[in-house]
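Close look at the chain arrangement
Chain residues, written in single-letter form:
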Amino acid sequence: MPIHYSQDENNIVTLTFDGAGSVKVINLEFLRELDAHVSRLTLDESLKGVILTSAKDTFVAGADIDMLYGATDAAQVFQVTQAFKATLRKLEMLGKPVVAALNGSALGGGFEIALACQHRIALNKPKAQFGFPEVTLGVLPAGGGITRMVRLFGLQTALPYMIEGTRLNVHEALDAGWIDEIVAMNGITTPDELMEHARAWIHANPRIEQPWDRDGYRIPGGDPRRPQVMSQILPIAPAMLRAKTHRNYPAPEAILSAAVEGAMVNFETATRIESRYFAQLVTSQTAKNMMTAFWYQLNAIKAGKSRPKSEKREAKDEKREARGERREARDEKREARGERREARGERREARDEKREARDEKREARGERQETRKLGVLGAGFMGHGIAYASTMAGIDVVMKDVSQERADAGKQKIAALLDERVARGKVSKEQKGNILARIHATENVIDLAGCDLIIEAVFEDRAVKASVIRETGNVIGASVIFGSNTSTLPITSLAAYSERPENFVGIHFFSPVHKMPLVEIIRGKQTSDAAIAKAFDYVLKIGKTPIVVNDSRGFYTSRVFGMYVGEGMALLAEGQHPRAIESAGIAAGMAVGPLAVSDEVNIALIWHIREQTRKDFAAEGKTLPSDPSDHVVDFMVNKVKRTGKLQGAGFYEYPSDAKKFLWRELQKYFPPSDTELPQTEMVDRLLFVQALETARCFQEGVLTSSADANIGSIFGWSFAPYSGGTLQYINAYGVEKFVARARELANKYGERFRPPELLVEKARKGETL
Amino acid sequence: MPNEAYIYDAVRTPRGRGKSDGALYEVQPVDLLATLLRALQERNRLDTSEVEDVIVGCVTPLAEQGGVIARSAVLHAGWDMSVPGVQLDRFCASGLEAVNSAAMQVRSGWHALVVAGGVESMSRLPMGSDGGAWFMDPRVNLETGFVPQGISADLIATLEGFTRDDVDRYALQSQQRAAYAQANGYFKSRLPVRDQNGLTILDRDEHIRANTTLEKLGSLAPAFEMVGVMGFDAVALDRYPKLERIEHVHTAGNSSGIVDGAALLLIGSKEAGERLGLKPRARIVSAAIVGTEPTIMLTGPAPASKKALAKAGMNVSDVDLFEVNEAFAVVPLRFARDMGLDGTENVNVNGGAIAMGHPLGATGAMLLGTLLDELERTDLETGLVTLCVGGGMGIATVVERV
């Protein structure tokens, strides 16, 4: 039974959310049951008040994503949404005080339920979160959330929370007025105290209405009908949104529209407008893309889908799955009987606890590879970044460089990063001290003894890497895993410098390390499962997202990202307007235009990688095929010596006192073409070239999971997030249509657009990636 | 030989009750227009860049209905950016004024293809909320002898001797005719309004009360008695000194309903129609606009109609069907009398604004579409649309099927 109904001697009814699963989510069963209880409340004349709370750790975590992902019929979505709202409206119109006793996080639909209560009291739980994450999955708060937030706080205050999907902790929520009270006695509170407060409030407020149901109510800050108030805000709000999203995200637009349109009409109509936009969003391709990537695939990655499993564990997993199936079967029977459910629920919880205990034991047996002391080679930009991110996660770090000076300089940089966080109030001075104390900066290789993981982040040069790999290998224990932070050098070739290539793994960080969420783990030919597992668990521990790929030149991320940069240059070489190329990149949903990002990566580095590749090819007796970007790279590096942002001159000019702007002479050297391509054509080229290279990575076995491909592209180099990632982009486009369009592009612009056999095959079979 | 102006298409939305419980209250007026613009485009496979202007009547052009809603609607509907738009206001005549202006532009040869019609969301922007010198400026108010239209309607009833029973019977006829027409699918130019998901918001005229009776109508209180007693009766009696008093016969039941809606027509030259492969439905024969005494205000339809007929060299007997806006029941009754018609046999044969409502800026265009549908259904030739207009004006348009 997902919701318990209990009435005390004072005729206060408590509805307690409960039921299967560790997290309470809103699904059809929950909605039906909530409505049944609320309907019962409307008939109860002796009712004094109502308390909503949860028996779980969270209050309500939001809608069941499976339900949203599976929704395809707008009419049905509209009807279910309207029914949910009708339930909440009945609840807030009972004429009796209704309190949300928030014993934990209330997100999305969970917080919308709380908003339909006249009073919100929260338990003082540091980890509890409140807010509207809907937008991050391409939908909107459709349980009356937009309508009530606008009526509580006004358009200007309410909109950013919902458009940005901001989550507040309990104190922020109190300050923002989202909740009315925090229950905290001597810093420690119990759910019982929470309930006492709720009851006390009910006794003190026997008759209460929502503000918007009182006579003379006006939306705070004015409504769109009073242009003297709103004329400053309404015209510019869509512009501010467009500046961020370039119209690639329907959800924030719909949130803005539903809020503004809703503010012009009465409450019921406003909620209906909200439902219509929701039905449109939830059935849209963009929402499915975002749910695929940011829910299913990201969760799968975090759950260790790409992490090698020990044999024992695998067998156990299978058993557990089988047990799960049996349990489901039993559940069905149990529901049919409808008996003794609760007693068994308790037993199930007990079982959950046992399982947790088992997990801990398993880790003790070494199945989860804990990193306790990390050795970082190189205290430069990447090295100290890795050290910083690791100490923040509680790992002791030995940071070694060629001299004590350089090692100390790296530690200074970390101190500076910490100072920023202290200034923003995120870290206390004391914490800063503790964090720094965990970093041992040294020039002595011997200090690395005792580390259980080594990551080298020295200069991207084969000889330099070879030397540190050998030097370190002599000091560290035989079982210590060695990770190399290279972005381009094949791992298998680097592993050759190690005496224990099975312990050698690629751990590719992105720059700046402390801001970038992705780490690409690369499996060399001889890399062991244990090494991958160690790297994987370490990446999760420092709060980043690991993807696992097989060795290849540029691995996955650099290889595909390079195609974006290259296509931008190809367009320039063809004589497309440089600004139009950059705008097309932004319109495509990329964070930065291809020329600007080339400057940031550094064009000399691009040249260097290409030449290295050429040499490696030659050594294998092969010839590196020419690319339309070659001429541009050569010209920028050798002819005009404008290599990028670092040098203050690249495709852009970098005046010290003003914003960068495109070098005015570009069109002199790359004269305008007679054929000006429409933006849509350039957008297609920029995205297709990346999607196609990803498909090739898949075909070659560099990538083995679509989750790694999609999440890697979005977290790694900000590939158009609305698309759901490089492979989901193909799915959403329609594989067959994509193949046809790719062929068209290949015939016009070159073989880099020729769809790989794998895609052609998928298209023929009607399969997705 | 001047150019002729043809009607190639006519579409309208259903009329939703003009209150917050009305179905179209949730719909932005710009969406009402965009719905119709897209329909015109689809139904006629129209290259929208051929349209030289979009003229939209709107009486309360404020807030979401303001700011030249015609141009906003053109862009919102995804029409070619070369299509301009203009909003005009001639009170209740606005929708027909738009049509007449379009016809004049086409007949002058200056424009080849024009969209004309109107929109009004009375649930969102209540009547009168735009103000105006006529009633808000005390000098103009006094000079013009301003009274609300309901007083004018009661004044006509008093002068003409129409009793409460007469006007209620007329109202009942409007309801019955409209209900019958709706039940039998006569409103061919009416299109459903749908949401962004394609879900129907409204597909019928919401204001019709098919089950009303004379008794029910008779039980309604006079709507304008109180303001009459407070002073407006005195204004009317000052202007009509032979009257003893004003008989307050008009009620919510025999006056036009407050509703939301929009209507558009596609009007163009013969040549433009041929070039674009459009089939003309009717020719706009003539049009007229007149001013009349402002206190009685609502007597314009007859002089306007006579003027329009005279321009066309036609007689009243040449007209097969009349659409006279039912602002109040006395308006068509007085019109029939003024024009020498035999009752309202050929007037508003499918009901009117008493049953279906009067979305101010859109009504004139709606009536023309309704008239065309009925001429085609009954295979008749000639029709006349006329409306009384605030401030004491009248408008009329004569059309002929081709």
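Residues numbered from 1 in each chain as written. Chains lettered and ligands numbered in written order. Predicted model: local features only at pLDDT ≥ 70, side-chain atom pairs only at ≥ 80, totals over all residues.

With that settled, consider the overall build of chain A. Looking only at helices and strands, chain A features 32 helices and 19 strands. Here the C-alpha radius of gyration of chain A, 29 Å, is about what a compact globule of 769 residues would show, namely 27 Å. Taken along the three principal axes of its C-alpha coordinates, chain A extends 90 × 65 × 55 Å. Within the span of chain A, comprising 769 residues, buried residues form 46% of the whole. For chain A, the share of sequence-separated contacts (at least 6 apart) that also reach a separation of at least 24 residues comes to 72%. (Helix = DSSP H or I, 4+ residues; strand = E, 2+ residues; numbered from the N terminus. Rg over C-alpha atoms; globule rule 2.2 N^0.38 Å. Buried ≥ 20, exposed ≤ 12 C-beta atoms within 10 Å, placed from the backbone. Contact = placed C-beta atoms within 7 Å.)

Each helix and strand counted, chain B has 14 helices and twelve strands in total. The C-alpha atoms of chain B give a radius of gyration of 20 Å, which matches the 21 Å a tight globule of 402 residues would have. For chain B, the spread of C-alpha atoms along the three principal axes comes to 60 × 45 × 45 Å. Counting every position in chain B, which comprises 402 residues, the buried fraction comes to 59%.

Residues and elements named next belong to chain A. The assigned domain composition of chain A is domain 1 (3–283), domain 2 (311–364), domain 3 (373–553) and domain 4 (558–701 + 734–765). Averaged C-alpha coordinates put domain 3 and domain 4 at centres separated by 31 Å. Facing five residues of domain 3, the contacting portion of domain 4 comprises six residues. When grouped by side-chain class, the residues that make up the side of domain 3 that touches domain 4 number no nonpolar, four polar and one charged. (Domains from an automatic or database assignment. Nonpolar A, V, L, I, M, F, W, Y, C, P; charged D, E, K, R; others polar.)

Moving on to the interface of chain B and chain A. The figure often quoted for interface size is the accessible area lost as the parts come together. The partner chain A presents 15 residues to the ten residues of chain B that form the contact. A class-by-class count of the residues in the side of chain B that touches chain A yields three nonpolar, four polar and three charged.

Residues and elements named next belong to chain A. Read across the open sheet, the three strands follow the order β5-β7-β8; overall the sheet is mixed. Single-partner strands in this sheet number two, and they are β5 (106–107) and β8 (167–168). Summarising the sheet, β5 and strand β7 (residues 130–131) pair through two bridges and their orientation is parallel. In the sheet register, alanine 106 faces β7, and the bridge partner there is phenylalanine 130. (Pairing = 2+ DSSP bridges.)

Averaged over all residues, the pLDDT of chain B is 97; the fraction at 70 or higher stands at 100%. Interface scoring of the predicted complex returns ipTM 0.93; its pTM is 0.91. (pLDDT = per-residue confidence, 0-100.)

Note that the residue after Ser511(A), namely Pro512(A), is joined by a cis bond; omega there is -5 degrees. Mapped onto the secondary structure, Pro512(A) falls in the loop between β15 (504–509) and β16 (518–523).

All names here are of chain A. Pairing is mixed across the open sheet formed by eight strands, whose spatial order is β12-β11-β10-β13-β14-β15-β16-β17. On the outer flanks of this sheet lie β12 (439–442) and β17 (545–550), each paired with one strand and no other. Sheet twist, expressed as the average angle between the axes of neighbouring strands with direction ignored, equals 25 degrees. Two elements, β15 and β16, share four bridges in a ladder whose sense is antiparallel. By the bridge assignment, phenylalanine 509 is partnered in β16 with valine 519. Lying on the sheet, helix α17 (residues 404–423) is in contact with β11 (396–400) and β12; it crosses β12 at an angle near 150 degrees. (Axes fitted to C-alpha atoms, helices over the stretch in contact; angles between N-to-C directions.)

This part takes up the packing of helix α25 (residues 603–619) of chain A against helix α26 (residues 630–639) of chain A. All names here are of chain A. Running from N to C, α25 and α26 cross one another at 120 degrees; their axes reach a closest spacing of 9 Å. Note that α25 runs across α26; the crossing there is left-handed. From α25, Ile603, Ala604, Ile606, Trp607 and Arg610 reach across to α26, where they touch Val633, Met636 and Val637. The residue inventory of the contact of α25 with α26, partitioned by class, reads seven nonpolar, no polar and one charged. (Left-handed = near helix turned anticlockwise from the far one by under 90°.)

What follows covers the packing of helix α22 (residues 557–573) of chain A against α26(A). Residues and elements named next belong to chain A. The geometry of α22 relative to α26 is characterised by a closest axis approach of 8 Å and an angle of 85 degrees between their N-to-C directions. When the axis of α22 is compared with that of α26, the two are roughly perpendicular. The residues of α26 that touch α22, namely those facing Met569, Leu572 and Ala573, are His631, Val632 and Val633. When grouped by side-chain class, the residues that make up the contact of α22 with α26 number five nonpolar, one polar and no charged. (Parallel < 35°, antiparallel > 145°, perpendicular 65-115°, else oblique.)

All names here are of chain A. Counted residue by residue, β16 has six buried out of six residues, so it is predominantly covered. The side-chain alternation of β16 yields two buried faces, one formed by Leu518, Glu520 and Ile522 and the other by Val519, Ile521 and Arg523. In terms of strand pairing, β16 meets β17 through six bridges, oriented parallel. Counted as the bridge partner of arginine 523 is asparagine 550 from β17. Handedness of the crossover joining β16 and β17 through helix α21 (residues 529–541) is recorded here as right-handed. (Right-handed = clockwise from strand over helix to strand, strands pointing away.)

Right, let's get into the pairing of β12(A). All names here are of chain A. The two faces of β12 differ: Ile439 and Ala441 on one face are buried, but His440 and Thr442 on the other face are not. Sheet analysis places β11 next to β12, joined by four bridges and oriented parallel. From the neighbouring strand, valine 398 faces β12, where its bridge partner is histidine 440.

Next up on the list: helix α24 (residues 594–601) of chain A. All names here are of chain A. For α24, the buried fraction is high: seven of the eight residues fall into the buried class. Taken together, the buried positions of α24 are occupied by Pro594, Leu595, Ala596, Val597, Ser598, Asp599 and Val601. In this structure, the buried side of α24 is in contact with α22, α23 (578–587), α25, β18 (652–653) and α28 (679–700).

Our focus in this paragraph is the environment of Thr488(A). Residues and elements named next belong to chain A. Topologically, threonine 488 is positioned in the loop between β14 (481–484) and α20 (491–495). For the pair threonine 488 and threonine 613, spaced 125 residues apart in sequence, the C-alpha separation works out to 9.5 Å. Each residue touching threonine 488, except ones within four places of it in the same chain, is listed here: Glu460, Gly554, Ser558 and Ile609.

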